[in-house]
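This is what each chain is made of:
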Amino acid sequence: MIPTRKLGDLEVGAQGLGCMGMSAAYGVRDNDDESIATIHRALDLGVTLLDTANVYGNGANEELVGRAIAGRRDQVVLATKFGIVYDNGAQRARGDAAYVRQCCEESLRRLGVDHIDLYYQHRVDTERVEETWGALAELVAEGKVRYLGISEASAQTIRRAHAVHPITALQSEWSLWTRDIEAEIVPTCRELGIGIVPFSPLGRGFLTGAISSVTDLPADDLRRRLPRFTEGNLDRNLAIVEALRELAAEKGVTAGQLALAWVQQQGRDVVPIPGTKRRKYLEENVAASELVLSSEDIQRIEAAAPVDRVAGARYPEQLARAAGK
């Protein structure tokens, strides 16, 4: 069993499980039985924080997670999100009070539960931060939600939301090739007592070494549209993975485990949520939580993956505008 950590006052397993890829983004939804078995195995290993969102598979991922946790609700810290909407294919954030309540009720129904443990604002409607968080505070008071989180928010927005109701966790991308939050956002969270939940701690799977060409990805895979995976950038980024592989070999682990252990050791307030829909990779990820890195190891890992060597932005322009507000 993995140890526990605290996100604010919320105790969770030291590593969570991102469930998005079971239903959306990374190719065809191919095996719900294996996905459910992966969730069950995660709970057996002490991975208590399960992460989903209303937008993953247009609700299908919440329904899948709900089926998986039926009968095991008391073992789960259940996190879901609201706030992303699509207009003619374009993504935007919505945060009016009526919509917040509607999303919560819909998620409760799809998940088959009477409360959500950690409810995130997925993207921020910056014109309505106080309205959004006022509505969220009401959901907490009613017992429909226990704790509140925010995702991909700027330090200024975090402070605005936290002034209305305490934030328990920030969920943002953090990995060896995405370190934007370290300068201002991480210190803000630590000042306010907010836990940090890194998504894509394995660089959307790239840092595992499993992807050597864009042709390795399914035709409908989100990563085909991300700048770091385009052919020119991908070739340059593979040099980072090769350097990690060499360091990992010295320790008898995989490049992915080394990269995940680096995130895991950024602080006891950090609970990464690597995503997988296979038990094999879940077990590999959980093993990384037990890998102890010395200060020298950390320095060598960061030298092998310097921020200024990563080629390409993490999002195309339209998606980038919605993040970090």
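Conventions adopted
- Numbers given to residues run from 1 along each chain, matching the order in which its sequence is written.
- In view of the model being predicted, local features appear only for residues whose pLDDT reaches at least 70, and side-chain atom pairs are presented and counted only at 80 or more, with totals across whole chains, interfaces and linings using the full set of residues.
- Computation of side-chain values covers all heavy atoms of the structure but excludes hydrogens and water.
- Throughout this description, the term nonpolar core refers to a set of buried Ala, Val, Leu, Ile, Met, Phe, Trp, Tyr and Cys residues connected via side-chain atoms within 4.5 Å.
- When accessible area is computed with a 1.4 Å probe and restricted to protein chains, residues below 20% of their type maximum are described as buried, those above 50% as exposed, and intermediate ones as partly exposed.
- Helix and strand definitions follow DSSP, with helices as H or I runs of at least four residues and strands as E runs of at least two, each counted in order from the N terminus.
- The contact rule is simple, with two residues in contact once any of their heavy atoms fall within 4.5 Å.
- Following DSSP output, two strands are said to pair if at least two bridges run between them.
- Whenever Lys or Arg places a side-chain nitrogen within 4 Å of a carboxyl oxygen from Asp or Glu, that contact is recorded as a salt bridge.

- An unreviewed UniProt entry lists the protein under the name Aldo/keto reductase, with Amycolatopsis taiwanensis given as the organism.

Here we look at the nonpolar core
A general tendency of soluble globular proteins is for nonpolar side chains to be buried together.
Working step 1: Counting 97 residues, the largest nonpolar core has Leu-17, Leu-49, Tyr-119, Ile-150, Ile-158 and Leu-244 as the members making the most contacts within it.
Working step 2: In terms of residue count, helix α8 (residues 255–264) provides more of this core than any other element does, 7 residues in total.
Working step 3: When near neighbours in sequence (up to four residues on either side) are disregarded, Leu-244 contacts Leu-176, Leu-207, Ala-255, Leu-258, Ile-301 and Ala-304.

Focus: the pairing of strand β2 (residues 10–13)
Working step 1: Bridging between strand β1 (residues 4–7) and β2 involves 4 bridges; their strand directions are antiparallel. Looking at the pairing, Lys-6 lines up with Glu-11 of β2.
Working step 2: Hairpin connection from β1 to β2: 2 residues lie between these consecutive antiparallel strands, with Gly-8 at a positive phi of about 60°.

So, the pattern of salt bridges
Working step 1: Applying the stated criterion across every chain yields a total of 26 salt bridges.
Working step 2: A salt bridge links Lys-81 to Asp-51; the nearest nitrogen and oxygen atoms lie 2.6 Å apart. Here the residue Lys-81 occupies a position in strand β5 (residues 77–82), and Asp-51 occupies one in strand β4 (residues 49–51), the gap between them amounting to 30 residues. Across this residue pair, the class does not change: Lys-81 and Asp-51 are buried.
Working step 3: A salt bridge links Glu-131 to Arg-128, with the shortest nitrogen-to-oxygen separation between them at 3.6 Å.
Working step 4: For Glu-131, a relative accessible area of 35% corresponds to the partly exposed category.
Working step 5: One connected set of salt bridges, linked through shared partners, spans Arg-101, Glu-105, Glu-138, Glu-142 and Lys-144.

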